[in-house]
Amino acid sequence: MKIIFLGTNGWYDSAVGSTVSALIDSKDAYIILDAGFGIVKARDYIKEDKPVYLFLTHFHMDHVCGLHALSRLNIKQPLTIFSHSGLKKMLKTIFDHPYAMPLSDMSFQIKTVELKEGNFIQPIKFECRSLDHIDYTFGYRFYLEDKIISYCSDTKPCINDIKLADGADLLIHECGWNIRPADDFWGHTDPEGAGEVAAKARAKKLCLTHFGPNAFETRAKRFDGQKRARKIFKNTLSAFDGMVVKV
Ligand SMILES: [Zn+2]
Ligand SMILES: [Zn+2]
């Protein structure tokens, strides 16, 4: 199974990366995590007719702005979008005239599923829990090919964060802050915070993504973040756009 990081920035695109999106290419399905502008690159990787599922964590623009270019995916199979309540309303509001092409005009069918916190076995086995961010946000834990992949973005370190990452083969965690301020109004994580979550959860591997482009203006700053996280959790990688991780 492969995880392809399509966009690894939070907030806005920069020379270092596009806004956040990742693709899990598993045996039975393609699973897209969030829809920042990085999602446009999924076109290069979705080649088979496996089901395609898109899981949105929340509706901040850096996680949904790529829906504006969704027609680029050029898939034949339907796309099912999952998120918490409010998903249908959000899609109807933003992805409609006069802002963007309505999703109903896409060349492929789009289905939507509004989730409540809990465990699910259809169409794949997964769990979703609310995280500690300024607006309601889900983190996810997927059970795929006898492996566990957890995705937590956006959030400050919290109990559900650690629960979702428990023993995960791969924890993909946000890193919006370079140094998290004491009065963290928005709710993001810095490299040390992500390292602590991975260590407490006894995850096997940590990939940092959703780097604040203001806090991590260069690739070197991401490598510095990786070094700092590794002091707490050794098996840490800072993700970059185009990076592929095998699990
Ligand atoms: Zn974000
Ligand atoms: Zn956010």
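Higher on the page you've got the structure.
In this text, all values refer to a predicted model and were calculated from it rather than measured experimentally.

A.B. asks: Go over the nonpolar core with me, naming the residues and quoting the values.
C.D. replies: One finds F5, I24, I31, F55 and F142 to be the most contacted residues of the largest nonpolar core, which totals 28 residues. Residue assignment for this core shows that the elements contributing at least two residues are β1 (2–7), β2 (21–25), β3 (30–33), β4 (52–55), β8 (125–130), β9 (138–144), β10 (147–152) and β11 (170–175). It is β9 that contributes the most residues to this core, four residues altogether. Sequence-distant contacts of F142, defined by excluding residues within four places in its chain, comprise I24, I31, L33, F55, I124, K125, F126, K147, I148 and I149. If you look at the next biggest cluster of nonpolar residues, it comprises 27 residues, including I46, V52, F95 and L103.

A.B. asks: Hey, could you go over the packing of aromatic side chains for me, with residue numbers and the actual values?
C.D. replies: Scanning the model with the defined rule gives 16 aromatic pairs in all. Their ring planes at 70° and their centres at 5.0 Å tell us that F55 and F126 sit as a pair that is edge-to-face. Placement of the pair is F55 in strand β4 and F126 in strand β8, with a sequence separation of 71 residues. Its relative accessible area of 0% is what places F55 among the buried residues. Measuring from ring centre to ring centre gives 4.9 Å for F211 and F216, while their planes differ by 70°; the resulting arrangement is edge-to-face. The buried category is assigned to F211, whose relative accessible area is 0%. Following the ring pairs from residue to residue traces out a cluster consisting of Y53, F55, F82, F120, F126, Y136, F138, Y140 and F142. The cationic tip of K50 hangs over the ring face of Y30; the distance from NZ or CZ to the ring centre is 4.5 Å.

About the thresholds
Residues numbered from 1 in each chain as written. Chains lettered and ligands numbered in written order. Predicted model: local features only at pLDDT ≥ 70, side-chain atom pairs only at ≥ 80, totals over all residues. Heavy atoms only, no water. Core = buried A, V, L, I, M, F, W, Y, C linked by side-chain atoms within 4.5 Å. Buried < 20%, exposed > 50% of the residue type's maximum accessible area, 1.4 Å probe, protein only. Helix = DSSP H or I, 4+ residues; strand = E, 2+ residues; numbered from the N terminus. Contact = heavy atoms within 4.5 Å. Phe/Tyr/Trp six-rings, centres within 6.5 Å; stacked < 30°, edge-to-face > 60°. Lys NZ or Arg CZ within 6 Å of the ring centre and 35° of its normal.

Note that every value here comes from positions in space, so none of it alone points to a role or purpose.
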